[in-house]
Amino acid sequence: MLKQTEGSHAVAEAIALSRPQVICAYPITPQTHIVEGLGEMVKDGSLEDCEYINVESEFAAMSVAIGASAAGVRAYTATSSQGLLFMAEAVYNASGLGLPIVMTVGNRAIGAPINIWNDHSDSMSMRDAGWIQLYAETNQEALDLHIQAFRIAEELGCPVMVCMDGFILTHAYERVDVPTQEQVDAFLPPYTPRQILDPAEPVSMGALVGPEAFTEVRYLAHHKQLRALDLIPQVAREFEKGFGRASGGLIRTYRTDDADTIVVALGSVNGTVQEVVDEMRGRGHRIGSLSICSFRPFPLGVVREALRNARRVVVLEKCFAVGLGGIVSDGVRKALSGIHLNGYTVVAGLGGRAITRASLTKLFENAERDKLEQVTFLDLNEGIVRHELERERQNRRSGPTAEAILRHIGTVASGIG
Amino acid sequence: MFQIRIHGRGGQGVVSGAEMLSVAAFLEGRHAQAFPSFGSERTGAPVMAFCRIDDKAIRLREPVLQPDALIVQDCTLLHQVDLFNGLQPGGQVLLNSNRSIEELGLAELTGGERRYRVSIIPATDLAQKHVGRPVPNAALLGGFAALSGQLRLESVVAAIREKFPKSIADKNIAAAEEAYALAMRAVEAVHA
């Protein structure tokens, strides 16, 4: 059924349709509306046979999800930013134990300085935690990916993180098609665990594993993700058959066939990128874009195929590795091993800074002239940076940086965008 | 694509206003996107929300930088925020005030290259009358339906009904309907 609703609410509906048996969560912006919505559905009885557990922290949220999943039920949680960091140890345990938990990450920056707005620093910090990571472009895709995520997670025995841009998607009202319970039931069978904590047939889970077997266990985790490279597109194809729309998969290309310049990005910014691609195509520029949905496993093969005939690739990232540069760029570079083309990393949208068509157009035109640095920070205000560096040079006891910058630029509430 | 930016203060319902506009457009079979500004959202602080309406799916995720219409819930923002930034020439401005354009010192906006179409609705007064609280949102949406030609009053009423429980919705709808009637009289006066 078509609805005009908030992204968080659409996701809550998708989770409810997936018949979770345990939901445990701790509130943190911008994810909160999702679990609030689910809490209401459990309370008013519209989500049946599901226990909603208010926990005391994100660490507890993931720990309860691990316990529930190990006990053989479908478990779900959601978090953002510092919440994801606080649960980090348990995040690794969930994947190490092979438990098919599904978690939404409402993507938000990581402090300090504290910032509640969107970028990808949180989920990227967990990119090597052994979870599958899928990034949604729209609220429709966020809804669809959650239903697919349970299928993928339970088939492989591997947790799945569905990442959606905080505020930009979680708080956006747009049109979504909410499937029926019958459609979801036909696509997603009841959970049949591979492993279960059962007093009738006791097993150990989480044993100490020494050097004699640790490598093999870790290799098998890698092997599982490589199998996901086949499973993710297969599940997306089945989804399309059952629901009549394409969602998910490993990657999606947009007007890349004869493109000299291809822009690579994750998540909702792809919509804005496509608008710019269309506008530039209209002026004769040979440009296209590539949206990576599956960041873990990283689809080296299909990314290589999609990019190999381009002259240059611009990787637009909402995060970066401090002291190194791009994170997504590393994967893209691996995918292009042995292929000679110009590659640029652009860090954009940090802490909720708007990524505008105007800035992207200028950026892509500079890329076409190969006039970009290896690493560019989009719309970086160099005046502010110079001023602060100079201030710190002049005064040994220069005080806290972030606060000094805020004082320097004055009120921010009056700006648009 | 028609783009609307709503300015107000935290707590006045700026975000709900944009959401209801998007629901109203959806009910007319159109594509719509509403989202809050990513600025500070403390009670009383200047806040913004955005709404886009189009006949095809909306992919753009940037804030509304070149609005076709502005809705200003609180005229004290006129001297604090760069409200008119990016507003297209001939763009629509709907202000909540019980004063005239001249009294607000905004007559110059209607002339020159900008040619803004400025309308004023006493939305807080209407809210006090019908809802009993200074919540100007519904009245402004009713006024917007009359002035913009983008939405029908019935759709706005349905969106208000979707948002609030019945007793609160009824009061807000009464405010919206009176604002619509006031604005229609103003529109007809211009065309007469």
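Going by the structure above, here's the rest.
Residues numbered from 1 in each chain as written. Chains lettered and ligands numbered in written order. Predicted model: local features only at pLDDT ≥ 70, side-chain atom pairs only at ≥ 80, totals over all residues.

### Brief notes about the overall build of chain B
Our working definition: A run of H or I in DSSP counts as a helix once it spans at least four residues, and a run of E counts as a strand once it spans at least two, with each numbered from the N terminus. Each residue is classed by its C-beta neighbour count within 10 Å, where at least 20 other C-beta atoms makes it buried, 12 or fewer makes it exposed, and intermediate counts make it partly exposed; the C-beta atoms are placed from backbone geometry. Residues are defined as contacting one another if the C-beta atoms placed from their backbone atoms lie within 7 Å.
Scanning chain B from terminus to terminus reveals six helices and six strands. In terms of overall dimensions, chain B has a C-alpha envelope of 45 × 40 × 40 Å along the principal axes. Going through the 192 residues of chain B one by one, you find that 54% of them count as buried. For chain B, the proportion of contacts with a sequence separation of at least 24, taken over those separated by at least 6, is 63%.

### Details of the interface of chain A and chain B
To keep things clear, this is the line we draw: Each residue receives one of three labels: charged for Asp, Glu, Lys and Arg, nonpolar for Ala, Val, Leu, Ile, Met, Phe, Trp, Tyr, Cys and Pro, and polar for the others, Gly being one of them.
Facing the 25 residues of chain A at the interface are 26 residues of chain B. Elements with a contribution of two residues or more to the side of chain A that touches chain B: strand 8 (173-177) and helix 10 (269-282) of chain A. In the side of chain A that touches chain B, the residues fall into 11 nonpolar, 10 polar and four charged.

### A look at the sheet that holds strand 3 (residues 51-54) of chain A
Residues and elements named next belong to chain A. Inclusion rule: By this definition, two strands are paired if DSSP reports at least two bridges between them. Between N-to-C directions, angles span 0 to 180 degrees; the directions come from axes that are lines fitted to C-alpha atoms, helices contributing only their stretch in contact.
In space, the seven strands of this open sheet follow the order 3-2-4-5-7-6-12, with mixed pairing throughout. With partners counted over all chains shown, the strands left at the sheet margins are strand 3 and strand 12 (294-296), one partner each. The average undirected angle you get between the axes of adjacent strands in this sheet is 20°. Examined bridge by bridge, strand 2 (residues 22-25) and strand 4 (residues 75-79) share two bridges and lie parallel to one another. Looking across to strand 4, one finds that Val22 is bridged to Ala75. Set on the sheet, helix 3 (residues 58-70) makes contact with strand 2, strand 3 and strand 4; between it and strand 4 the angle comes to about 165°.

### Considering the packing of helix 7 (residues 139-156) of chain A against helix 9 (residues 214-243) of chain A
Residue and element names in this part refer to chain A. The criterion, for reference: Our angle categories are set so that under 35 degrees counts as roughly parallel, over 145 as roughly antiparallel, 65 to 115 as roughly perpendicular, and the remainder as oblique. In this scheme the handedness of a crossing depends on how the near helix is turned from the far one: anticlockwise by less than a right angle means left-handed, clockwise means right-handed.
Between helix 7 and helix 9, the least distance of the axes is 10 Å, while the angle of their chain directions is 135°. Comparing the axis directions of helix 7 and helix 9 gives the class oblique. Where helix 7 crosses over helix 9, the handedness of that crossing is right-handed. Contacts between helix 7 and helix 9 involve Asp144, Gln148, Arg151, Ile152, Glu155 and Leu156 from the first element and Lys224, Arg227, Ala228, Leu231, Ile232, Val235, Ala236 and Phe239 from the second. A breakdown of the residues in the contact of helix 7 with helix 9 according to their chemical character gives eight nonpolar, one polar and five charged.

### As for helix 12 (residues 328-335) of chain A
All names here are of chain A. To keep it simple, the criterion reads: Directions from the helix axis toward the C-beta atoms define the arc.
Residues of helix 12 that are buried: Val328, Ser329, Gly331, Val332 and Ala335. For helix 12, the arc enclosing every buried residue in end-on projection is 160°, short of the 170-degree limit, so these residues lie on one face. Along its buried surface, helix 12 packs onto strand 10 (261-265), helix 11 (300-307), strand 13 (312-317) and strand 14 (342-347).

### Let's talk about the pairing of strand 5 (residues 92-96) of chain B
All names here are of chain B. Counting buried residues along strand 5, five of its five residues qualify, which places the element largely inside the surrounding structure. What you see with strand 5 is no split at all: Gln92, Leu94 and Asn96 on one side and Val93 and Leu95 on the other are buried throughout. Sheet topology note: the strand 4 (residues 69-72)/strand 5 ladder contains four bridges and is parallel. Along strand 5, the bridge assignment pairs Ala69 with Gln92. Relative to strand 6 (residues 117-121), strand 5 is paired through five bridges, and the arrangement is parallel.

### Concerning the sheet that holds strand 10 of chain A
Residue and element names in this part refer to chain A. Spatially, 9-11-10-13-14-15 is the arrangement adopted by the six strands of the open sheet, whose pairing is mixed. Among the strands making up the open sheet, the edge pair consists of strand 9 (251-254) and strand 15 (375-377). Here the average twist between neighbouring strands, direction ignored, is 20°. Where strand 10 meets strand 11 (residues 287-292), five bridges bridge the pair, whose relative direction is parallel. Residue Ile262 lies in a different strand from strand 11, and its bridge partner there is Gly288. Packed on one face of the sheet, helix 12 meets strand 10, strand 13 and strand 14 and runs near 155° to strand 13. Each of strand 10, strand 11, strand 13 and strand 14 is contacted by helix 13 (residues 357-368), which is oriented at about 130° to strand 10, the strand it contacts most.

### Thoughts on the nonpolar core
Nonpolar side chains tend toward joint burial in soluble globular proteins. Put simply, the rule reads: Only buried Ala, Val, Leu, Ile, Met, Phe, Trp, Tyr and Cys residues enter a nonpolar core, and they are joined through C-beta atoms within 7 Å. Each domain's limits were defined by an automated method or a database of domain assignments.
The biggest cluster of nonpolar side chains holds 175 residues, and the ones touching the most others in it are Val160, Val162 and Val264 of chain A together with Ala176 and Ala179 of chain B. Three or more residues apiece are contributed to this core by two domains, here domain 1 (2-243) and domain 2 (251-377) of chain A. Among residues more than four places away in sequence, those in contact with Ala176 of chain B are Ala138, Ala139, Leu141, Gly142, Val156, Val157 and Ile160 of chain B.

### Some details on unusual backbone geometry
All names here are of chain A. The residue after Thr29, namely Pro30, is reached through a cis peptide bond having omega 5°. Locating Pro30 in the fold gives a position in the loop between strand 2 and helix 2 (32-43). The residue after Ala112, namely Pro113, is reached through a cis peptide bond having omega -5°. Assignment of secondary structure puts Pro113 in the loop between strand 5 (102-107) and helix 6 (121-125). The backbone of Asp49 shows a phi angle near 55°, a positive value even though the residue is not glycine. With respect to the helices and strands, the residue Asp49 is situated in the loop between helix 2 and strand 3.

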